[in-house]
Amino acid sequence: QVQLVESGGGLVQAGGSLKLSCALSGRTFRSNVIAWFRRAPGKEREFVATVDRSGSNTYYGDFVKGRFTISRDNATVYLQMNSLKTEDTAAYYCSAGWTPSSTAWQDYIYWGQGTQVTVSS
């Protein structure tokens, strides 16, 4: 079992920044691949970024285009989001799995409750 708790969401103006955190606990979190997904109202769940268990290898969704950075430090995974756009408004979820660089939500077994990010124009 792995537990994930997201924090750091909020309301920000377009062009601003937010840093999301995902606190990890449980038996296997140090070995897990961790990913961020997001879901906007009326849209499908969308892959954002993933980091492997070492923290050395990362992979991003095409829409990120250098604006977001995922990192891992001991029992926390971060998502630094810069140059935010209104279309980044969504609930952001972190998740844990075993498949490196997977962009498929079906490969992630454990999920947090999510944190809301709202970007105003």
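Position numbers for residues count from 1 along each chain, tracking the sequence in the order it is written. A pLDDT threshold of at least 70 governs which residues receive local features in this predicted model, and a stricter bar of 80 or more applies before side-chain atom pairs are shown or counted, although totals over entire chains, interfaces and linings include all residues. Side-chain metrics in this entry use all non-hydrogen atoms of the structure; hydrogen atoms and water are not considered.

Now for the side chain of Ser 95. Each helix corresponds to a stretch of at least 4 residues labelled H or I by DSSP, and each strand to a stretch of at least 2 residues labelled E; elements are numbered beginning at the N terminus. The topology assignment puts Ser 95 in strand β9 (residues 90–97). Remark: exposure states derive from per-residue accessible area (1.4 Å probe, protein chains only) relative to the maximum for the residue type, with buried under 20%, exposed over 50%, and partly exposed in between. Residue classification places Ser 95 among the buried residues on the basis of a relative accessible area of 0%. Leave out the neighbours within four places in its chain, and Ser 95 touches Leu 4, Val 33, Ile 34, Ala 35, Phe 37, Tyr 108, Tyr 110 and Trp 111. In what follows, a contact means two residues having at least one pair of non-hydrogen atoms within 4.5 Å.

Let us look at the nonpolar core. In plain words, nonpolar cores are sets of buried Ala, Val, Leu, Ile, Met, Phe, Trp, Tyr and Cys residues tied together by side-chain atoms within 4.5 Å. Ranked by internal contacts, the top residues of the largest apolar core, which has 28 residues, are Trp 36, Val 48, Phe 68, Val 77, Leu 79, Met 81 and Tyr 92. Looking at this core, the elements with two or more residues in it are β1 (2–7), β3 (18–26), β4 (33–39), β5 (46–51), β7 (68–73), β8 (76–81), β9 and β11 (115–120). Beyond its immediate sequence surroundings of up to four residues, Met 81 is in contact with Gly 16, Ser 17, Leu 18, Leu 20, Arg 67, Phe 68, Tyr 92 and Val 117. Counting residues in hydrophobic clusters, the runner-up holds five residues, among them Val 33, Phe 37, Phe 47 and Tyr 108.

Keep in mind these values describe shape, not function.
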